[in-house]
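Chains, contacts and geometry: an overview
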Amino acid sequence: MSGRDFVRSLSDRSGLAVPERPSVALIDPLLMAAILAIIGYGLVVLYSAVEQDMATLRAQALRLSLALVAMLVAAVISPRLYLRWAPALYVLGLAMLVGVLLFGVTAKGAQRWLEIPGVIRFQPSELMKLAVPLMVAWYLHDRLLPPRLLHLCVALALTLVPAFLIVRQPDLGTGILIAGAGLAVIVLAGLPWRLIGFAVLALALAAPGFWYLLEDYQRSRIVTLFDPESDPLGAGWNIIQSKTAIGSGGVFGKGLLQGTQSQLDFLPESQTDFIIAVIGEELGLVGVLILLLLYLVVVARGLFMSTQAPSTFARLVAGALTLTFFVYAFVNIAMVCGLLPVVGVPLPLVSYGGTSAITLLAGFGIVMAMHAEQNWHRGH
Amino acid sequence: MLSVRGDSLKDSDHERQLYTVRAVALFFFAVVGVVVLLARLVQLQVWEYETYSVKSDENRIQLQPIPPQRGLIFDRNGVLLAENRPVFAVNVVAERVTNLDGLLAELGRVVTVSADDISAFYERLGRKLRPYEPVPLLLDVSEGDVARLSVNRHRLPGVEIGTRMVRHYPYGELFSHAVGSVRRITEEDLAVLDPASYSATAFVGKRGVEQFYERSLHGEVGRELVEIDARGRIRQVLRTHPPTAGSNVTLQLDSRLQIAAHAALGERRGAIVAIDPRSGGLLAMVSNPSYDPNLFISGIDTQQFRDLSTARDTPLFNRATHGQYAPGSTFKPIVALAALASRATSWGETIEDKGFFKLPGQERIYRDWSWRKNDSGGQGRVDLRRAIYRSSNVYFYDLSTRMEIETLTGFAASFGFGANLAVDIADARPGLLPTPVWKQGYKGETWFPGDTVNMSIGQGDLLVTPLQLATVASIIASRGVKVRPRMLLSSDKPLDEFDGEAQAEYIGGPSHYDWEALVDAMEDVVHRGNKGFQQSGTAFAYIGRDIGYRMAGKSGTAQVVEIRQGEEYSEEELTEYQRKHAWFIAFAPADAPRIALSVLVENGGGGSSVAAPVAKEVIDAYLLPRLAAR
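Residues numbered from 1 in each chain as written. Chains lettered and ligands numbered in written order. Predicted model: local features only at pLDDT ≥ 70, side-chain atom pairs only at ≥ 80, totals over all residues.

Observations concerning the overall build of chain A
What counts here: We count a stretch as a helix when DSSP gives it H or I for four or more residues in a row; a strand needs E for two or more, and each element gets its number in order from the N terminus. Three exposure classes are used. Buried residues have 20 or more other C-beta atoms within 10 Å of their own C-beta, exposed residues have 12 or fewer, and partly exposed residues fall in between, all C-beta atoms being placed from the backbone. Distance between backbone-placed C-beta atoms decides contact: two residues are in contact if it is within 7 Å.
When helices and strands are counted, chain A shows 15 helices and 3 strands. Relative to its 380 residues, chain A shows a buried fraction of 50%. In chain A, 69% of the contacts between residues at least 6 apart in sequence involve partners at least 24 apart.

Comments concerning the overall build of chain B
For chain B, the helix and strand inventory stands at 24 helices and 24 strands. Per-residue burial for chain B yields a buried fraction of 41% across its 630 residues.

Details of the pairing of strand E13 (residues 270–276) of chain B
Residue and element names in this part refer to chain B. Note the cut-off: Strands qualify as paired when DSSP identifies two bridges or more between them.
Counting buried positions along E13 gives 7 out of 7 residues, so the element sits mostly inside the fold. As paired elements, E13 and strand E14 (residues 281–288) share 7 bridges and run antiparallel to each other. Considered in E14, the bridge of Gly-270 is made with Asn-288. Hairpin connection of E13 to E14: 4 residues between the antiparallel strands, including Gly-280 at a positive phi of 85 degrees. For E13 and strand E24 (residues 595–601), the ladder comprises 6 bridges, and the chain directions are antiparallel.

So, the sheet that holds strand E22 (residues 552–558) of chain B
Residues and elements named next belong to chain B. Threshold: Only C-alpha atoms enter the line fits that serve as axes; for helices the fit covers just the stretch in contact. Angles between N-to-C directions range over 0 to 180 degrees.
On the basis of which strands lie adjacent, the open sheet formed by 5 strands has the order E14-E13-E24-E23-E22 and antiparallel pairing. A strand with exactly one partner marks an edge of an open sheet, and here the two such strands are E14 and E22. Strand after strand, the sheet turns through a mean of 5 degrees between neighbouring axes, direction not considered. Pairing between E22 and strand E23 (residues 581–588): 7 bridges, direction antiparallel. Considered in E23, the bridge of Gly-556 is made with Trp-583.

So, helix H2 (residues 49–60) of chain B
All names here are of chain B. Condition: By this rule the span expected of a helix is its residue count minus one, scaled by 1.5 Å. What the arc covers is the set of directions going from the helix axis to the C-beta atoms.
Spanning 12 residues, H2 covers 17 Å between terminal C-alpha atoms, matching the ideal 16 Å at 1.5 Å per step. Within the sequence span of H2, burial applies to Tyr-49, Tyr-52, Ser-56 and Asn-59. Projected down its long axis, H2 shows its buried positions confined to an angular sector of 90 degrees, all on one face. Structural note: H2 exposes Glu-50 and Glu-58 on the side pointing more than 90 degrees away from its buried face.

Some points on the interface of chain B and chain A
Rules: Polarity classes work like this: nonpolar for Ala, Val, Leu, Ile, Met, Phe, Trp, Tyr, Cys and Pro, charged for Asp, Glu, Lys and Arg, and polar for all others, with Gly in that last group.
Taken together, the contact between chain B and chain A spans 37 residues of the former and 42 residues of the latter. Among the elements of the structure, strand E1 (2–5), strand E2 (8–11), helix H1 (12–47) and H2 of chain B are those that each provide at least two residues to the side of chain B that touches chain A. Looking at which element gives the most residues to the side of chain B that touches chain A, the answer is H1(B), with 19 residues. Considering only residue class, the side of chain B that touches chain A consists of 17 nonpolar, 9 polar and 11 charged.

Digging into the packing of helix H10 (residues 255–265) of chain B against helix H24 (residues 607–629) of chain B
Residue and element names in this part refer to chain B. For the record, the criterion: To sort the angles, those under 35 degrees are grouped as roughly parallel, those over 145 as roughly antiparallel, those from 65 to 115 as roughly perpendicular, and the leftovers as oblique. Take the far helix as your reference; a near helix turned counterclockwise from it by less than a right angle gives a left-handed crossing, and one turned clockwise gives a right-handed crossing.
Between H10 and H24, the least distance of the axes is 9 Å, while the angle of their chain directions is 160 degrees. Viewed along their axes, H10 and H24 adopt a mutual orientation that is roughly antiparallel. You can see that H10 and H24 cross each other, and the crossing is right-handed. In contact with Leu-257, Ala-260, Ala-261, Ala-264 and Leu-265 of H10, H24 contributes Val-614, Glu-617, Val-618, Ala-621 and Tyr-622. The residue makeup of the contact of H10 with H24, split by class, is 9 nonpolar, no polar and 1 charged.

Points about unusual backbone geometry
Residue Pro289(B) is bonded to the preceding Asn288(B) through a cis peptide linkage, with omega at 0 degrees. By the element assignment, Pro289(B) lies in the loop between E14 and helix H11 (295–298). Here Ala588(B) and Pro589(B) are connected by a cis peptide whose omega angle stands at -15 degrees. Its place among the elements puts Pro589(B) in the loop between E23 and E24. Unusually for a residue other than glycine, Leu257(A) sits at a positive phi of about 70 degrees. Located in the positive-phi region is Thr314(B), a residue other than glycine, with phi close to 40 degrees.

Quick word on the confidence of the model for chain A
Residues and elements named next belong to chain A. So the rule is basically this: For every residue, the predictor states its confidence as a pLDDT score lying anywhere from 0 to 100.
Here chain A averages 86 in pLDDT, while 89% of its residues score no lower than 70. For chain A, the element scoring lowest by mean pLDDT is helix H1 (residues 3–14), at 46; helix H12 (residues 275–308) scores highest, at 96. In the predicted structure, residues 1–22 sits below a pLDDT of 50 and forms 21 contacts with residues beyond four places in sequence or in another chain.

As for the packing of helix H13 (residues 312–336) of chain A against helix H14 (residues 355–371) of chain A
Residue and element names in this part refer to chain A. At their nearest, the axes of H13 and H14 sit 9 Å apart, and the two run at 150 degrees to each other. As judged from the angle between their axes, H13 and H14 are roughly antiparallel. Judged by the sense of rotation from one axis to the other, the crossing of H13 with H14 is left-handed. For the pair H13 and H14, contact is made by Ala-314, Val-317, Ala-318, Leu-321, Thr-322 and Phe-325 and by Leu-360, Gly-363, Ile-366, Val-367, Met-370 and His-371, respectively. Residue composition of the contact of H13 with H14, by class: 9 nonpolar, 3 polar and no charged.

Here's the deal with the confidence of the model for chain B
All names here are of chain B. Considering every residue of chain B, the mean pLDDT works out to 87; 93% of them sit at 70 or more. In the model, residues 1–8 has pLDDT below 50 throughout and makes 10 contacts with residues more than four positions away in sequence or in other chains. Counting interchain partners and residues more than four positions distant, the pLDDT-below-50 stretch residues 562–572 has 4 contacts. In the predicted assembly, ipTM is 0.91 and pTM is 0.69.

A few points about the environment of Phe415(B)
Residues and elements named next belong to chain B. With respect to the helices and strands, the residue Phe-415 is situated in the loop between helix H17 (405–414) and helix H18 (436–442). It is 9.9 Å that separates the C-alpha atoms of Phe-415 and Arg-484, two residues lying 69 residues apart in sequence. The residues contacting Phe-415, other than those within four sequence positions of it, are Ile-334, Val-472, Ile-475 and Ile-507.

Some points on the environment of His218(B)
Residue and element names in this part refer to chain B. Its location among the elements puts His-218 in helix H9 (residues 214–218). Each C-alpha atom of the pair His-218 and Ala-245 lies 7.3 Å from the other, and the pair is 27 residues apart in sequence. With residues up to four places along the chain from it excluded, the contact list for His-218 reads Pro-68, Arg-70, Thr-201 and Gly-246.

Describing the sheet that holds strand E3 (residues 61–66) of chain B
All names here are of chain B. Overall, antiparallel pairing links the 3 strands, which are arranged E3-E10-E11 in an open sheet. The sheet is open, and its two edges are formed by E3 and strand E11 (234–241), each paired on a single side. The average undirected angle you get between the axes of adjacent strands in this sheet is 30 degrees. Relative to E11, strand E10 (residues 222–228) runs antiparallel, the two being bridged by 6 bridges. Within E11, the residue paired with Glu-227 across the bridge is Gln-236.

Structural notes on helix H4 (residues 79–103) of chain A
For H4(A), which comprises 25 residues, the first-to-last C-alpha distance of 34 Å matches the rise-based estimate of 36 Å (1.5 Å per residue) to within 8%. Here H4(A) has its buried residues at Pro79(A), Tyr82(A), Ala86(A), Tyr90(A), Gly93(A), Leu94(A), Met96(A), Leu97(A) and Val100(A).

Things to note about the environment of Ile425(B)
Residue and element names in this part refer to chain B. Along the chain, Ile-425 turns up in the loop between H17 and H18. In this structure, the C-alpha to C-alpha distance between Ile-425 and Tyr-213, residues 212 residues apart in sequence, is 9.7 Å. Residue contacts for Ile-425: discarding those within four places in its chain leaves Phe-212, Thr-321 and Met-487.

A few points about the pairing of E24(B)
Residue and element names in this part refer to chain B. When you tally the buried positions in E24, you get 7 out of 7 residues, the bulk of the element. Of the two faces of E24, both are covered, the one formed by Ile-595, Leu-597, Val-599 and Val-601 as well as the one formed by Ala-596, Ser-598 and Leu-600. With 7 bridges joining them, E23 and E24 adopt antiparallel strand pairing. Within the sheet, the bridge partner assigned to Ala-586 lies in E24 and is Leu-597. Following E23, the chain reverses through 6 residues before pairing antiparallel with E24.

Here it is in structure tokens:
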């Protein structure tokens, strides 16, 4: 069944009138191609990072397949459904975040999981990565844009409350990303540049104050960023080794499977958060550049698709989700390069681990659904 | 398409336009972000590539030094005096241990782990350089412990057994002064040693042969270029440069003679040095009391070390090479030869010995050693031969006044007085040969005729070591051939420290007849007996009655003028430590000597009665089997 036939059959089942001419494909070929390219590239690098352990590789391939299915499911859901259910989803997520703080399961020193013993265990923060932009877009979509101050404040609250709950778990990385997703909606909705400028300035001035709100381990990560040698065997080890891995890769890299930093285990977390260092070491500047260009293609296509969406809600959601994806990639690479403190953000679609891939691809499924909204409109 | 909410109109096209501008702007920011990342990557991968490339190699490539096998030390019969044996250490890799205290407690149930071991372990743990570095917990465990640890291996994750070779001295304290020993390298040693060649070495020769031949015994360090992973495990060996073992050396020492000499001295404080006069080879070197050098290798606790270093009997002190004593009458043959060489006397000349001596115009009386026992007024007519076998002080008092003091000291210097003649005992003390120049410079006093008189019987400021007196015995035995004492017999490789054989030197002055007559007189010391009152050699009564070969000897009894500094004694012990030192020098067979020696018994009393029997026991042990075999 080709993509187009698939679209048609979905339209048939939705009970809506079949469009007069084949309009926008449900699965955007260019976005899909770029995503598949990133996934394929990521699997090749992972093959090296896990030291050719096929079992791990198969597990990851299975997770990614699952994530692609999630994307398809997200893509066929009508944008109206998203609009209708956004508040409910958001409230549910928020309730679960409070639940995590009250009865959550602790692992690795952070309380991030909700568990129904023997049944399921998951991170509500993953759900919020989608629910927050949907909710903020829902709130702003039928208000006059650019938003007025009151609306702005409500939108900010909708963003920052869940972000704050997540930071308290503590999971600073995800908290910041979720705040970013909500803020992306607000900025796309036309928040005056002047206000953005003030906000950035105010944040910069308040930065020293945040120092006192941070946990000790978070402070040490910031100290480490500026002076990794202060604790070379402890906090500084990761960043020293990742910079060494990337730097020693040079322009063309040491060759796949030839990276001494990653293959001899000097590079920690080489399969997960620090996998970009494996690319930098084994495939060099060229290898990282290819990945960056693929990411840029995804962002460009996603943003373009969002501009084509027919409703404000659809545009805001599609644009924000695309930008969030970019922020993921940027924060991860900047962190591994020693430009940002170490926060737990995986490299999108490349790092080993399934949860983030499922959320990301479901996000792109929503982007596609929003883009294809015109299919439904044309019917009227 | 317009929609209405509240009182404001919502302009869809305007919103779309606004959105598009925003999307383009944010895309522009994304591009800026990518450019920032690229700039950082270019910085790391292009500009700083060299730095990180080196860092990455430093991570994985390690130059591991391989310790060389220390050269073995044998005695002249091939008996091992110093060997290397494996020692097992228990190391802990902290990264593989989840509960360190729990593991140490668990280890304590398998082998003995003291609180000191644990605190030393944590100290070393704090100094480790890389993750997964094995940190020593116990430095020396028995093979039984190793077996027990292996059985319990599954309960002790992160525990490793390390093996290394360390020095071992199978004879313990018997050779500790002669062969010396290695000690753990200290901070001060590191300032002197080449850090590269000692990078894999923990011990360095600190005494005796081990010190002198350190460079040759140590060998050349090897190197192994290995690739390691972050856990410190060796993944592959990239290049190997094997170490070169140290030279094996064979010493002149004869362990059987050493054992005999040690036994002859028994519990008494003192020293014995035996030399083969034909080669200068040191056949035995005993200093008593002694210590077990292995203590310094397996680890000596503070209390043990304090006991050893502060003991009144100074077991760490090598009396044979470092103990300096007045030679007493053993110096008389030197005075005799000096006088003969300078024609101050001859074998035929006699003097009247009244039992005391006075310098012209002085009231002070210099007594003969026999003064108290004999109030008959001396030994009567005494010639040089009798002055030696009866050890007449008066004869030598008188003789010394007929020579310039410089003649005597100059001649004594050629026998090695005031100098270290040994080829390969670098730190042997030179003793003291006082001269008018020395006295003026050191004491600020002029040389009095009385100083010469005192010196003629080996008293006053004159000091010698047992090694020096054994050398004197050896030179007389070889009738003036100045053979320098040495430890080394041979080695399997040429040694840096040994600069070839020097041309044999001779003591100039005395005639052939003088040497033979002196040896005859010294034979009389031992063998002349049953000749009536005051006619027997001084040592005859003690060793001369039952002797199967001709021995030449000379006794000496040195007054203890000073108690060694830094020591305090109770009243009772004061007397013991103030008693005279007993000396005996000897060689045999007298006509073709094969062994020459000196014996010192500290505070032993009379040389003939105390030291001579020791000398005979040692020479018996060496000579009798050889004479019987002939």
